[in-house]
Each structure stands twice: as structure tokens, then as C-alpha cells.
Amino acid sequence: STWDKPQYFWMVKFGRQLELNVVPEWYHHYVNYEKLKAIITKVTHSHAKAVEMAIEQNKSYVPSNDETALINQFYHFLEIELDKVNRFFALQIGMASETLRVLEESVKSDHHHTHHTHHAHSPQHDEEEGHPMQISSATASVDYLPLKEVPEQLDTHSVHSQSSHHHHHHPHHMPLSTQIEQFHRVLSDLREYREMNYEAFRKAIKKLVKNTQSNPSDRGDQFMANVQQSPFWKSTQIQEISNRVLQLYVSHIWRGDSVSAKHSLEHNSRQLVEFRREVIWKQMVKTQTKEASISLKGETTWIVK
């Protein structure tokens, strides 16, 4: 979705877009675009030297051993990053499936109680003004899985067995409406995570091919074909879970009013994005600017643009 992006977002370079768009708590689980760009810069320099030497000697260009080694390093690192993204995505989907199960059980067990009380006052409406209530910055901070709890090895069974021990997405002390809203925001973030990582792979390969024009793009095409077949990109589970969450929200919280329910969820998501932009992202940019000004004094600084 593009509604939550500021107007300048699509005019800035992809590296900057990625920085602005990360879920802060998931920062280390995105494609390391900075490192890929650093490798591409080295390949570009090596390629330019090889081309220059070929012209001087009046020979046809042949990639140097150095250039070939760097390109191999680039694709090897892409494979590592793809594995990282797939594993983190699988973990989050496992947790999301468990969260949905708990929420659906809560709705069933709570059904008789809410049937008698819900008509008196919907938790999502202000009785006097009749519009969705605004969330505070306190409720805007969604809980995510701590980074240290992401396992090294991951399979489907371990995802589901682990997720049953975590309750980050559905703390029972919260009203059901708040639990559903927070869970919806996590699912939105997971969709965005998926799209930004796909774009990072695509942009990195495009940049490598463009900067080393003599190299065929077959290897890049093959890698992107693998990305398109990979679990994080092929998965339809986010949409399936999102649809069931929306059904819960419409039927249980909004009594069948799907238009207002969708508006409320979008309203809450928009406020979270604004909260991140004002507080978390600005702090990240300030920190990175400070680090960049310090590291500029050194010799090996790679600035992502």
C-alpha cells in the first residue's frame, strides 16, 4: 500500500526508502542492502580497471579474477540474505497463525457475553461523536518478537511449537478490539517487509548488471526466479490470515459494518506510521547522521544512496 508514504518517499533512492520503511524492531532481518551496495562498488571499480586495461592493450575485455571473485561474493551473499528473509518470515507466519487461533477462540468463548453487552456500547465507537476512537502513542507501539529469539535453524514444526509459548501479539489483558487492531498492524508490517525485501533483491541485481554492462544478466535472472519461488514471496498465508482477522473485526467488533471496520483499521495503521515517523525514524536518522559524520573521517565509508 502507498497511502502511508510521505510525498517525497518515491523520489528518494531505494536505500533511503528501505531505511524509512523498516519496522525498527525487525531492522536486522531485512536484506543488508548497504553491504550489497559496498560489494557492487568494489565490482564496479574492478570492472572499470579491466575495461581500461583491455582498451590500452587493444584487446577484447575479459573479466579479471578479482572482478569474478567479487561477483561470486555478491551472489553468495544474496543467497545468505534470501535464507535469512525466508527464515524470519516463516517464524512470523508461525506466530501469526497461533495468534489467529487464540483470537478466534477468544471470540467464541466471549460470544455469549458480548451478545448481551456489545449493543450497549461498541469499544470502537465514541457514543457521542460516532467515529473511531484515536489510539494513543502508548498503544501505537506494537509488540514484536525480540531479535534474540529468532532461532538459527528453523522448520515449520519449530515455528508452530515456539509460537505457542509467546504471547507478544495477543496479551490477554487488552480488550479484544485492541488485540485485533494490533495484530492487523503486525500483518500489515509483514506484508511491507515482504515487498521491501523483494525490491531490495531486484534493485541490487539491476545495479550490478548496469554497472558491469559486459556481464550477462542470466545469473541475476536465475536468482530472481528463485526469489519468486521462495516461501516468503509465494506464501498466500498473510492474505488468508488478514481476511480472517477482518472477518472477526467486522462481525464481532463492528456488528457487520465492513466499511467502518476497514476505515478503523486503516486509521489505526496510519497513526502507527505517523508515530514511527515522528519518533522512531527521526531518532534513527539522527543517530545515523551522527555516525556518518564521524566515519567520514575514515577511508572506507560506503554511503547508501
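What counts as what
Residues numbered from 1 in each chain as written. Predicted model: local features only at pLDDT ≥ 70, side-chain atom pairs only at ≥ 80, totals over all residues. Heavy atoms only, no water. Phe/Tyr/Trp six-rings, centres within 6.5 Å; stacked < 30°, edge-to-face > 60°. Helix = DSSP H or I, 4+ residues; strand = E, 2+ residues; numbered from the N terminus. Buried < 20%, exposed > 50% of the residue type's maximum accessible area, 1.4 Å probe, protein only. Expected span 1.5 Å × (residues − 1). Salt bridge = Lys/Arg side-chain N within 4 Å of Asp/Glu carboxyl O. Contact = heavy atoms within 4.5 Å.

Caption draft 1: Here's a closer look at the packing of aromatic side chains. Tallied over the entire structure, the rule returns ten aromatic pairs. Taking 5.8 Å as the distance between ring centres and 85° as the angle between the ring planes, the aromatic pair formed by Trp26 and Tyr193 counts as edge-to-face. In this pair, Trp26 is assigned in the loop between α1 (14–21) and α2 (33–56) and Tyr193 in helix α6 (residues 176–211), connecting sequence segments 167 residues apart. The exposure class of Trp26 is buried, given its relative accessible area of 0%. Looking at Tyr193, the relative accessible area reads 0%, which means it is buried. Within the aromatic cluster, the residues linked to one another by ring pairs are Tyr198, Phe201, Phe223, Phe232 and Trp233.

Caption draft 2: Fine view of α2. For α2, spanning 24 residues, the distance from its first C-alpha to its last is 35 Å, which sits close to the expected 34 Å at 1.5 Å a residue. Along α2, the positions that sit buried rather than exposed are Tyr33, Leu36, Lys37, Ala38, Ile39, Ile40, Val43, Ser46, His47, Ala50 and Ala54. One or two positions beyond α2, positive phi appears at Asn58, with a value near 55°.

Caption draft 3: Examining the pattern of salt bridges more closely. A full pass over the atoms with the stated rule returns six salt bridges. Put simply, Arg87 and Asp83 hold a salt bridge, and the shortest N to O gap is 3.2 Å. Of the two residues, Arg87 and Asp83 both sit in helix α3 (residues 65–117), four residues apart, roughly one turn of that helix. A relative accessible area of 21% places Arg87 in the partly exposed class. Ionic pairing is found between Arg101 and Glu105, a salt bridge with its closest N-O pair at 2.7 Å. Within this pair, Arg101 and its partner Glu105 are both found in helix α3, separated by four residues, close to a single helical turn. In this structure Arg101 comes out as partly exposed when scored by relative accessible area, which is 38%. For Glu105, a relative accessible area of 44% translates into the label partly exposed. If you follow the salt bridges from partner to partner, you end up with Glu98, Arg101 and Glu105 in one network.

Caption draft 4: Here's a closer look at the environment of Phe232. Within the secondary structure layout, Phe232 lies in helix α8 (residues 231–234). Its relative accessible area of 0% is what places Phe232 among the buried residues. Separated by 149 residues in sequence, Phe232 and Asp83 have C-alpha atoms that sit 9.7 Å apart. Discounting chain neighbours no more than four positions away, the residues touching Phe232 are Leu82, Val85, Asn86, Phe89, Arg194, Asn197, Tyr198, Phe201 and Val227.

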